[in-house]
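Overview (structure and organization)
For reference, the chains in residue letters:
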Amino acid sequence: MSAKVIVLGNQKGGTGKSTLAMHLAVSLVWKGYTVATVDVDARQGTFSRYIENREKTKQLDNRVLMPFHTPLLESGAASKVEANMENSEAFTKLLHSLSGYDYIVVDTPGSDCSLSRIAHSFADVVITPVNESFVDLDLLVHVDGSSATMLKPSIYAEMVWNQKKERAVRDKGQIDWIVLVNRMPNVISRNRQEFEKILLALSKRIGYRVATGFKERVIFRELFLSGLTLLDRDVISAQTSLSHIAARQELKDLLRALNIADAYSSLASGVSS
Ligand SMILES: Nc1ncnc2c1ncn2[C@@H]1O[C@H](COP(=O)(O)OP(=O)(O)O)[C@@H](O)[C@H]1O
Ligand SMILES: [Mg+2]
């Protein structure tokens, strides 16, 4: 399969998975890639609603480019084994039908479920946004407060490890696991320094790498209703503020961490900073 699969995952809601999924997918579309998006969290459906809102905006302005979107619901089968089989079949069938795309961006729910595990096992890249809080970090790795060392991996970290094994057995492929801090408060605190130190220190043990994160910015919340992203704003409304430019830089850094080099700077003329 030629498509590169990017999965947004973290077994916690509200960390920014759906928002980042949308921003990534749209960045890739603007770059000229063919992009399919999959909402494995279709019951909550934030990603699908974001795309629906975008579809409506596109009807008013055809400069808005769309990824090809599919929501996927968990199997309703009564037995776990049967549900897992059905989910696995549905997901592989969907991946197969999307295999000609350049990228497939998958959003997953903030809880453990079979479809999400299956999606992780097909990932080339897993991106886990966490909020700058030791409560969030605890959902990634249990840390000893006095020595700042790992006590044990979290259930989510174990799940990613298992899916890495699953992937290796299936096709000898590797999953590149990226953790980033999202919604960073604008004030630098001792908490942040401590948090970032521990996040970095544990990366090797847990098997992720840390990418530049995103600050807390109102614009991320405002864009949902129009279905637009930071990049569209450049093209469509040409409105730019300092905060906007800084946010674009964060996005550019993420694309670079994903080895989508220069994706941002080679966008339509006048778009890049
Ligand atoms: N960098 C950010 N700055 C401000 N608000 C953000 C940012 N990223 C996400 N949000 C907001 O945080 C909330 C949760 O984001 P969402 O993408 O739905 O998370 P998840 O999919 O992990 O549950 C939403 O209200 C969203 O608009
Ligand atoms: Mg979500």
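The structure under discussion appears in the preceding block.
So, here is what we can say about the structure in this document. None of the values given here were measured: they were computed from a predicted structure. (Residues numbered from 1 in each chain as written. Chains lettered and ligands numbered in written order. Predicted model: local features only at pLDDT ≥ 70, side-chain atom pairs only at ≥ 80, totals over all residues. Heavy atoms only, no water.)

1. Observations regarding the nonpolar core
Counting 40 residues, the largest nonpolar core has F91, I104, V106, L140 and W177 as the members making the most contacts within it. It is helix 6 (residues 155-171) that contributes the most residues to this core, four residues altogether. Core analysis: the second largest hydrophobic core is formed by 37 residues, L24, V26, F47 and F214 among them. (Core = buried A, V, L, I, M, F, W, Y, C linked by side-chain atoms within 4.5 Å. Buried < 20%, exposed > 50% of the residue type's maximum accessible area, 1.4 Å probe, protein only. Helix = DSSP H or I, 4+ residues; strand = E, 2+ residues; numbered from the N terminus.)

2. Considering the environment of D171
Here D171 shows up in helix 6. In this structure D171 comes out as partly exposed when scored by relative accessible area, which is 40%. Linking D171 and F122, residues 49 residues apart in sequence, is a C-alpha distance of 9.6 Å.

3. Some words on the site of ligand 1
Neighbouring ligand 1 are 14 residues; G14, K17, T19, R183 and R217 lie closest to it. Contacts to ligand 1 include T15, whose backbone N or O atom sits 3.1 Å from an oxygen atom. Here K215 contributes a backbone N or O atom positioned 2.9 Å from a nitrogen atom of ligand 1. For the shell around ligand 1, the secondary structure elements donating two or more residues are helix 1 (17-31) and helix 9 (218-222). Class assignment for the residues of the shell around ligand 1 results in one nonpolar, seven polar and six charged. (Near = heavy atom within 4 Å. Polar contact = N/O pair within 3.5 Å; in protein donor to acceptor, adjacent residues only side chain to side chain. Nonpolar A, V, L, I, M, F, W, Y, C, P; charged D, E, K, R; others polar.)

4. Regarding the pairing of strand 5 (residues 125-131)
In terms of burial, strand 5 is a largely internal element, seven of the seven residues being buried. Side chains V125, I127, P129 and N131 of strand 5 all project onto a buried face; the interleaved residues V126, T128 and V130 project onto the opposite face, where all are buried too. Bridge count between strand 5 and strand 8 (residues 176-182): seven bridges; the pairing is parallel. In the strand pairing of strand 8, P129 is matched with L180. (Pairing = 2+ DSSP bridges.)

5. Topic: helix 6
The end-to-end C-alpha separation of helix 6 is 24 Å, in line with the 24 Å expected for 17 residues at 1.5 Å each. Buried residues of helix 6: Y156, A157, M159, V160, Q163 and R167, and no others. Down the axis of helix 6, the smallest arc covering the buried residues is 155°, so these residues share one side. In helix 6, the exposed positions angled more than 90 degrees off the buried face are occupied by I155, K165 and V169. Measuring from the side-chain oxygen of the N-cap residue of helix 6 to the backbone nitrogen of Y156 gives 3.3 Å; that N-cap residue is S154. Remark: K172 follows helix 6 within two positions and exhibits a positive phi of approximately 60°. (Expected span 1.5 Å × (residues − 1). Arc of directions from axis to C-beta.)

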